[in-house]
Amino acid sequence: MKIKRILSGMRPTGKLHIGHYVGALENWINLQNSGQYQNFHLIADYHVLTTGLDSSNIYNDSIEMLIDWLASGLDPNKSPMFRQSKIKEHTELHLIFSMLITTSRLERNPTLKDQVRDLNLENMSYGHLGYPVLQTADILLYKGEVVPVGEDQVPHIEISREIARKFNAQYGEVFIEPIPLLTKFSRLVGLDGNAKMSKSLGNSILLSDEKEIVKAKLKKAVTDPQKLRKGDPGRPEVCLVFSYHKKFNSEEINLIETDCKSGLLGCFDCKMKCVEKISSFLEPIIAKRKELESNMNYVLDVLSDGERKGKLEAEKTISDVRAKMGIG
Ligand code: TRP
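What you are looking at is a predicted structure, and each value in this text was computed from that prediction instead of being measured.

Q: Just to check I follow, could you spell out the overall build of the chain for this structure?
A: Check the secondary structure of the chain and you find 13 helices and five strands. Here the chain has a C-alpha radius of gyration of 21 Å; the compact-globule value for 328 residues is 20 Å, and the two agree. Expressed as lengths along the three principal axes of its C-alpha atoms, the size of the chain is roughly 75 × 45 × 45 Å. Split into buried and exposed, the 328 residues of the chain put 49% on the buried side. Excluding contacts between residues fewer than 6 apart, the proportion of contacts in the chain whose partners are at least 24 apart in sequence is 77%. Surface accessibility of the chain: about 16000 Å² in total, with carbon and sulfur atoms responsible for 52%. Distance between charge centroids for the chain: 2 Å, based on 45 positive and 43 negative side chains.

Structure below.
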């Protein structure tokens, strides 16, 4: 069977939370370990600038994210990991691709419309409008065929397919149209009940949170507002703690559902069960993280090795592109 190429990335926002894991990272690791794919993973450090110009944390945030990737099970011997800003070919391909799509097509991007609403963006930069064009360069530079992402990224991959098609039609076949691969739990609800777990909303559990912290955070989590005390019948379908049990405690899920509905299980006890499960899931990740933190030279080596491997692929693609276009 032919090994397919995977390219996926994340914007570096520092330490990751369990929503990142469930929505993307877990999928990357499973695909990496399936033996059917060659993964490449990108730290999208230029994309960060689309929503804020302050660049003072980008480097540290990138390293923290890389440590979480490694601690969770991405294997640098199988999956090169690199920063977008280190491989200049991203900017070149982005520029070429920016000519192959209209501004009105980019303005119709639903993910962008959501962002404009959520972040109250009045004046969007030219670069922000072109976010999916840079993302397309990220994918196609490595000839990515499969892109495991969350639901909100699907419109971007559609744009990538259109740009690949347009390039091939105009200059000759270079690119494969990539396809998105969605995860089963593509989104984890935040601790406050917000549809999205997010660091900036302060409603997340980090992959690096010790048990005491997980406990303190879960204690404050919102449950079914109609279940005021133990004994009251609860509605698991509206409870976010139940949604965490679904992911982290699937063996007990039926029991929890029955006991919540009958009133036998109170919210406090239910939360404490959830703390146990999430913490035992996090324990090995935290241990690995500590080991990596005490061996920063290794972490930096992983990055420079990934950047060397990424660069080789990127150079090949750019020289194909230039040859087909007859430029340079
Ligand atoms: N846009 C993605 C996100 O916000 C991050 C990203 C950048 C990406 N480049 C990519 C994802 C290439 C997949 C492929 O999550």
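Q: Help me understand the domain arrangement of the chain in this model?
A: For interface size, the figure often reported is the accessible area lost on association. Its domain assignment divides the chain into domain 1 (4-188 + 296-325) and domain 2 (211-291). The centre of domain 1, based on its C-alpha atoms, is set 33 Å off from the matching centre of domain 2. Taken together, the contact between domain 1 and domain 2 spans 13 residues of the former and 10 residues of the latter. Where domain 1 abuts domain 2, roughly 1000 Å² becomes buried across the two surfaces, and 70% of that area is made up of carbon and sulfur atoms. One can count three salt bridges joining domain 1 with domain 2. Notably, a salt bridge pairs R289 with D68, separated by 3.0 Å at the nearest N-O pair. Inspection of the domain 1/domain 2 interface yields three residue pairs in polar contact (both at pLDDT 80 or more). Going through the elements one at a time, α1 (18-34) and α2 (58-72) are the ones with two or more residues in the side of domain 1 that touches domain 2. Residues that form the side of domain 1 that touches domain 2 fall into these classes: eight nonpolar, one polar and four charged.

Q: Honestly, empty space enclosed by the protein in this entry has me stumped. Any pointers?
A: Picture a little ball the size of a water molecule; that probe, rolled over the atoms, points out where space is still empty. Scanning the model with the defined rule gives one cavity of 30 Å³ or more in all. Of the volumes computed, that of the largest cavity is approximately 100 Å³. K227, C239, C260, C267 and C270 are, among the 13 residues lining the largest cavity, the residues nearest its centre. Mapped by element, the contributors of at least two residues to the lining of the largest cavity are α10 (240-248), α11 (253-262) and α12 (267-293). Grouping the amino acids of the lining of the largest cavity by side-chain chemistry returns eight nonpolar, three polar and two charged.

Q: I keep staring at the environment of V189 and nothing clicks. Help me out?
A: Among the secondary structure elements, V189 is positioned in the loop between β5 (179-182) and α9 (211-219). A relative accessible area of 25% places V189 in the partly exposed class. The sequence separation of V189 and S204 amounts to 15 residues, and the corresponding C-alpha distance is 8.8 Å. Not counting chain neighbours up to four residues away, the residues in contact with V189 comprise N194, A195, M197, L240, S243 and Y244.

Q: Mind showing me how you'd approach the layout of surface pockets here?
A: Taken as a whole, the second largest pocket encloses approximately 230 Å³ of empty space. Forming the boundary of the second largest pocket are H94, L95, S98, I101, T103, L106, Y126, G127, L129, G130 and V133. Mapped onto the lining of the second largest pocket, the elements with two or more residues apiece are α3 (89-98), α4 (103-107) and α6 (126-129). Looking at the lining of the second largest pocket residue by residue, the class counts come to six nonpolar, five polar and no charged.

Q: Any chance you could explain the site of the ligand here in plain terms?
A: Taken together, 14 residues are adjacent to the ligand, and R11, Y131, Q135, D138 and Q153 come closest. R11 is positioned such that a nitrogen or oxygen atom in its side chain is 3.2 Å from an oxygen atom of the ligand. Contact distances for the ligand include 2.8 Å between a nitrogen atom and a side-chain N or O atom of Q153. Computed on the free molecule, the ligand has an accessible area of 360 Å², of which 92% lies beneath the protein chains in the complex. When residues of the shell around the ligand are traced back to their parent elements, those giving at least two are β1 (4-10), α7 (131-141) and β4 (146-149). Here the residues of the shell around the ligand are counted per class, giving seven nonpolar, five polar and two charged.

Q: For this particular structure, what's the right way to read the nonpolar core?
A: Generally speaking, soluble globular proteins have nonpolar side chains that are buried together. By size, the foremost hydrophobic cluster in this structure holds 48 residues, and its most contacted members are L25, W69, L218, Y244 and I278. Those elements that place two or more of their residues in this core are α1, α2, α9, α10, α11, α12 and α13 (296-325). Considering every element that reaches this core, the biggest residue donor is α12, with nine residues. There are two domains that each give this core at least three residues, and those are domain 1 (4-188 + 296-325) and domain 2 (211-291).

Q: Hey, could you run me through a nonpolar patch on the surface in this one?
A: Taken together, the side chains of Y46, L49 and L53 make up a nonpolar region of the molecular surface, amounting to roughly 300 Å² of accessible area. With respect to the secondary-structure elements, L49 resides in the loop between β2 (37-43) and α2. Classification of L49 as partly exposed rests on a relative accessible area of 32%.

Q: Quick question: what am I supposed to make of the side chain of H156 here?
A: Among the structural elements, H156 can be located in helix α8 (residues 154-171). When near neighbours in sequence (up to four residues on either side) are disregarded, H156 contacts N109, T111, Y131, P132 and Q135.

Definitions and limits used
- Residues numbered from 1 in each chain as written.
- Predicted model: local features only at pLDDT ≥ 70, side-chain atom pairs only at ≥ 80, totals over all residues.
- Heavy atoms only, no water.
- Helix = DSSP H or I, 4+ residues; strand = E, 2+ residues; numbered from the N terminus.
- Rg over C-alpha atoms; globule rule 2.2 N^0.38 Å.
- Buried < 20%, exposed > 50% of the residue type's maximum accessible area, 1.4 Å probe, protein only.
- Contact = heavy atoms within 4.5 Å.
- Areas by Shrake-Rupley, 256 points an atom, 1.4 Å probe, with all protein chains shown as cover.
- Lys, Arg positive; Asp, Glu negative; His and termini not counted.
- Charge placed at Lys NZ, Arg CZ, Asp CG, Glu CD.
- Domains from an automatic or database assignment.
- Buried area = accessible area lost by both parts, 1.4 Å probe.
- Salt bridge = Lys/Arg side-chain N within 4 Å of Asp/Glu carboxyl O.
- Polar contact = N/O pair within 3.5 Å; in protein donor to acceptor, adjacent residues only side chain to side chain.
- Nonpolar A, V, L, I, M, F, W, Y, C, P; charged D, E, K, R; others polar.
- 1 Å grid on protein atoms, 1.4 Å probe; cavity = no way out; pocket = protein on both sides within 12 Å on 5 of 7 lines; lining within 4 Å.
- Points joined across faces, edges and corners; volume = space filled by probe spheres on them.
- Near = heavy atom within 4 Å.
- Core = buried A, V, L, I, M, F, W, Y, C linked by side-chain atoms within 4.5 Å.
- Patch = residues over 30% accessible without salt bridge, like charges linked within 9 Å, V, L, I, M, F, W, Y side chains within 5 Å.

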